[in-house]
Amino acid sequence: NSFVTRTNTCGELRSAHVGQEVTLYGWVQYQRQGLFLVLRDFQGLTQIIIPQDEAHSHVKKLLSNAPVESVVRVTGIVSPRPPGQENPKMPTGDIEVKAETAEILNSCKKLPFEIKDFIKKSEALRMQYRYLDLRSFQLQYNLRLRSQMVMRMREYLCNLHGFVDVETPTLFKRTPGGAKEFLVPSREAGKFYSLPQSPQQFKQLLMVGGLDRYFQVARCYRDEGSRPDRQPEFTQIDIEMSFVDQAGIQRLIEGLLQYSWPEERGCITTPFPSMTYKEALADYGTDKPDTRFGMKIVDISDFLRRSDIQFVQKALSYPHGTVKAICIPQGVRYFKNKDLESLKESAKSRFNQEIMEIICRPDGSLKSLLTKFLGERQQSELIQALNMQVDDVVLLAAGEHKQACSALGSLRLESADLLEAAGLVLRDPTTFHFLWVVDFPLFLPKEDNPTELESAHHPFTAPHPSDTSLLYSDPTKVRSQHYDLVLNGSEVGGGSIRIHSAEQQHFVLEKVLKEDSEVLSHLLEALEFGAPPHGGIALGLDRLISLIVDAPSIRDVIAFPKSFRGRDLMGNAPDYVTPEELEQYHIQVSWPLAEKEAKQN
């Protein structure tokens, strides 16, 4: 209560304050028949007794007529609540304040929605009136927890481990590869700035500059559609260190999260487990496994290699051909036929992967199109290999390794959704399973042109020391020094040891990625002036906080987020600007005909 005119907040009064005169400020949460109202501020609620005597008639009239969500000042005496009227659900539930004087500081007009967490509001309406939505308990809690975690992270990095907090430019130039960047026009004809996807180049240049340890709560920008876990502008905890290896970065991040972790969310155990990219894909069908539940992918290629099943033999005859399966416990009990058909259709439409189901009947026998090709002994071995129990459902995929694993990995998560919708709890949101995924490939084939390569992480990632020679002979086989941090099936961080040799960086850009290295001439030149070995990582702050508070979207942990389509519905941005304003940037808008007619009308 320092620097302000209130004596107390609405959440701090207790029985020890009985008899004291207090002055409270807040919003009217609700009012009951002119007898009492509940006053709310950022810290909590206090019940205010409206005086009924003639001497305070003006106070009664004022408070009785105050619309909900009006801002008021109340001065009064703290009193114990009458016996039997205490409210154990409220921290201030043992007391009430008998109003002596009051003032309406600002009356509230009719609200577009009630300021209550349990009232359902459309997201569009919440975005339009975000300043009202921010008054909800949940958003207040989310933003305050976010602030506390960032403060603890600063303490850990700067005060305990000597990191330097450096602000890097927002206006920069286009970076090769990666996501689309927002362009910002300049007054020089035809020249544009780009908003950085991350401070990647700057933090490497800071290492060349000898700062040794850099940290920033960095704003980043990507011009791509919003998803529940994406925003066009987002925040990273950005870190870079000199003379460090992968293990050093991992230890730093484990210590950082342990130090800043909210007490009310329990303890997290370090070191975090680790698995390779290959293991993650083979066991979970994804590079960000949710390890809170089982249903791991099982390889049954060797078992079925001896069979006469035509589609299996065809799949196994191809390079990287495989037969994989997942076992869904009690699938018969919880899945309807339409659920199984939906899963099979999902694999077909998204991965072009056929799926076959196997069901374990109550008598222990198998129901499947496969069974006519398998003898009793083989069926028994299959049950054992998949650890099947009565009423389990197995989904089987035969085909190219990555395709089959990716399809089953997706079906594993969709099956978990269906099981949880039916009442099973597989993924407890109050447990936190961290995981390092390491040994990613350095390059991947481009989706639109598989004969060309792109960086799996970014073009500044160093090759694995054991694979450096392959970089020049067979870059498709090179592993990288790239590491991702996964939490409950979501990627919350990613980093790498960087290339610090100008010659190697030039080779990767020009020869492997076929990029014009001239765009990065400043970085390539810097690497020639005694660049130290260095590496770093960036934690996605929005996504991390949303997982900690179990928010359905990262928009619920950002004060003023963009909508699903990347728009600011409150301020109506982006917006049109006049041709006169554009002229100084040498830009002329070519309107699509339909839009032009709409503007004229």
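Residues numbered from 1 in each chain as written. Predicted model: local features only at pLDDT ≥ 70, side-chain atom pairs only at ≥ 80, totals over all residues. Heavy atoms only, no water.

Under an unreviewed UniProt entry, the name given to the chain is SYDM protein, and the organism recorded is Oceanodroma tethys.

Caption draft 1: Here's a closer look at the domain arrangement of the chain. As far as domains go, the chain holds domain 1 (15-106), domain 2 (139-275 + 433-556) and domain 3 (293-422). For domain 1 versus domain 2, the separation of C-alpha centres amounts to 51 Å. (Domains from an automatic or database assignment.)

Caption draft 2: Main features of the pattern of salt bridges. With the rule as written, the count across this model stands at 33 salt bridges. Note that Glu233 is salt-bridged to Lys562, the shortest N-O span being 2.3 Å. Here the residue Glu233 occupies a position in strand β10 (residues 233-242), and Lys562 occupies one in the loop between α17 (541-548) and α18 (579-583), the gap between them amounting to 329 residues. Residue Lys562 is classed as buried on the basis of its relative accessible area of 16%. Three or more residues are tied together by salt bridges with common partners; here these are Arg126, Arg130, Asp133 and Asp556. (Salt bridge = Lys/Arg side-chain N within 4 Å of Asp/Glu carboxyl O. Helix = DSSP H or I, 4+ residues; strand = E, 2+ residues; numbered from the N terminus. Buried < 20%, exposed > 50% of the residue type's maximum accessible area, 1.4 Å probe, protein only.)

Caption draft 3: Looking closely at the state of the cysteines. Evaluation of the coordinates by the stated rule reveals zero disulfides. In this structure Cys108 is not part of a disulfide, and its nearest cysteine sulfur, from Cys10, lies 16 Å away. With relative accessibility at 17%, the residue Cys108 sits in the buried group. Left unpaired, Cys405 is separated from the closest cysteine sulfur, that of Cys327, by 17 Å. (Disulfide = S-S within 2.5 Å.)

Caption draft 4: View of the environment of Pro185. Position of Pro185 among the secondary structure elements: in strand β7 (residues 183-185). Sequence separation between Pro185 and Gln584 is 399 residues, and the spatial gap between their C-alpha atoms is 9.7 Å. With residues up to four places along the chain from it excluded, the contact list for Pro185 reads Lys191, Phe192, Tyr193, Tyr585 and Ile587. (Contact = heavy atoms within 4.5 Å.)

Caption draft 5: Geometry of the sheet that holds strand β1 (residues 21-32). Overall, mixed pairing links the five strands, which are arranged β1-β2-β3-β5-β4 in a closed barrel. Strand-to-strand twist in this sheet, taken as the mean axis angle between neighbours without regard to direction, amounts to 55°. Relative to strand β5 (residues 95-106), strand β4 (residues 71-80) is paired through ten bridges, and the arrangement is antiparallel. In the strand pairing of β5, Ile77 is matched with Lys98. Relative to β5, helix α1 (residues 57-64) is tilted by about 75°, and along the sheet it contacts β1, β2 (36-41), β4 and β5. (Pairing = 2+ DSSP bridges. Axes fitted to C-alpha atoms, helices over the stretch in contact; angles between N-to-C directions.)

Caption draft 6: The arrangement of the side chain of Asp238 in detail. Secondary-structure assignment places Asp238 in strand β10. For Asp238, a relative accessible area of 1% corresponds to the buried category. A distance of 2.8 Å separates a polar atom in the side chain of Asp238 from a polar atom in the side chain of Tyr214. Reaching out from Asp238, the side chain makes a polar contact with the side chain of Gln236 at a distance of 3.4 Å. With residues up to four places along the chain from it excluded, the contact list for Asp238 reads Pro199, Lys203, Tyr214, Phe215, Gln216, Ala218, Ile537 and Ala538. (Polar contact = N/O pair within 3.5 Å; in protein donor to acceptor, adjacent residues only side chain to side chain.)

Caption draft 7: Focus on unusual backbone geometry. Residue Pro271 is bonded to the preceding Thr270 through a cis peptide linkage, with omega at -5°. Within the secondary structure layout, Pro271 lies in the loop between α6 (246-260) and β11 (274-276). Of note, the amide linkage connecting Ala573 to Pro574 takes the cis form, showing an omega dihedral of 0°. The backbone of Asn572 shows a phi angle near 55°, a positive value even though the residue is not glycine. One can find Asn572 in the loop between α17 and α18.

Caption draft 8: Fine view of a negative patch on the surface. Together, Glu21, Asp53, Glu54 and Glu100 give the surface a local cluster of negative charge. As for its placement among the helices and strands, Glu21 is situated in strand β1. The class for Glu21 is exposed, based on a relative accessible area of 56%. (Patch = residues over 30% accessible without salt bridge, like charges linked within 9 Å, V, L, I, M, F, W, Y side chains within 5 Å. Areas by Shrake-Rupley, 256 points an atom, 1.4 Å probe, with all protein chains shown as cover. Lys, Arg positive; Asp, Glu negative; His and termini not counted. Charge placed at Lys NZ, Arg CZ, Asp CG, Glu CD.)

Caption draft 9: How the structure looks around a nonpolar patch on the surface. On the surface, Tyr131, Phe560 and Met570 cluster together to form a nonpolar patch covering roughly 300 Å² of accessible area. With respect to the secondary-structure elements, Tyr131 resides in helix α3 (residues 130-133).

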